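Listed below are the residues making up each chain.
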Amino acid sequence: IELEPIFNWSARYHGGAEGFWLWVEDSENNRTYHNEYVLFTKRNHPGSTKLELIIPVFDPLPQQYFIRIVSDSWVGVEHLIPVSFRHVLLGGLSSPTFFTNLFDLTPLPVTALADPRYEQLYHNRFDSFNPIQ
């Protein structure tokens, strides 16, 4: 997302920085998938700010998400932008290879560390590491 301020900067009203909240919303499911505080500064005005977001999409695809931008200082300064998924093609969303396969891992004992100093650290806490550890 590229955000570009479309207001004239006035040090009297804006000071040195102007903050905005950005939300990515799914109105069908009443969910907020991303929120972020964005700060425009006098030094960078009127330059744009680029954000990289990772948001979930589900099968079936929703019709649209909304990007909502709200001023942190000014009442009523808000913008709502619909993002349509009508022409988005996600190859393999429902295919079994889209997701990472999980391996059947067995827990390792603390002795797998092969160093008595490290083994002593975990000896009194647990006997084995879970597969993620």
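Reading the values: rules and limits
- Per-chain numbering applies: the sequence of each chain, read as written, is numbered from 1 onward.
- Thresholds applied to this predicted model are a pLDDT of at least 70 for local features of residues and 80 or more for the giving and counting of side-chain atom pairs; totals over whole chains, interfaces and linings are not thresholded and use all residues.
- Hydrogens and waters are ignored; side-chain quantities use all the structure's heavy atoms.
- For every residue, the accessible area obtained with a 1.4 Å probe (protein chains only) is divided by the maximum for its type, and the residue is called buried under 20%, exposed over 50%, and partly exposed between those limits.
- What counts as a helix is a DSSP run of H or I of at least four residues, what counts as a strand is a run of E of at least two, and both are numbered from the N terminus.
- Whether two strands pair depends on DSSP finding at least two bridges between them.
- By convention a nonpolar core is built from buried Ala, Val, Leu, Ile, Met, Phe, Trp, Tyr and Cys residues, the set being connected through side-chain atoms within 4.5 Å.
- Contacts between residues were defined by any pair of non-hydrogen atoms, one from each residue, lying within 4.5 Å.

**Student:** Give a description of the pairing of strand β5 (residues 64-71) that names residues and reports values.
**Tutor:** Across the 8 residues of β5, 6 count as buried, placing the element largely inside the fold. Where strand β2 (residues 17-26) meets β5, 6 bridges bridge the pair, whose relative direction is antiparallel. Its bridge partner lying in β5, E25 is registered against F66. Two successive antiparallel strands, β5 and strand β6 (residues 78-84), enclose a turn made up of 6 residues, where G76 displays a positive phi of approximately 85°.

**Student:** Could you give me a rundown of the nonpolar core, with the residues and numbers involved?
**Tutor:** Membership of the largest hydrophobic core comes to 13 residues, with the highest contact counts inside it found for L3, L22, V38, F40 and I69. Those elements that place two or more of their residues in this core are β2, β3 (31-41) and β5. Apart from the residues within four sequence positions on either side, L22 is in contact with L3, H34, N35, E36, V38, L51, L53, I67, R68 and I69.

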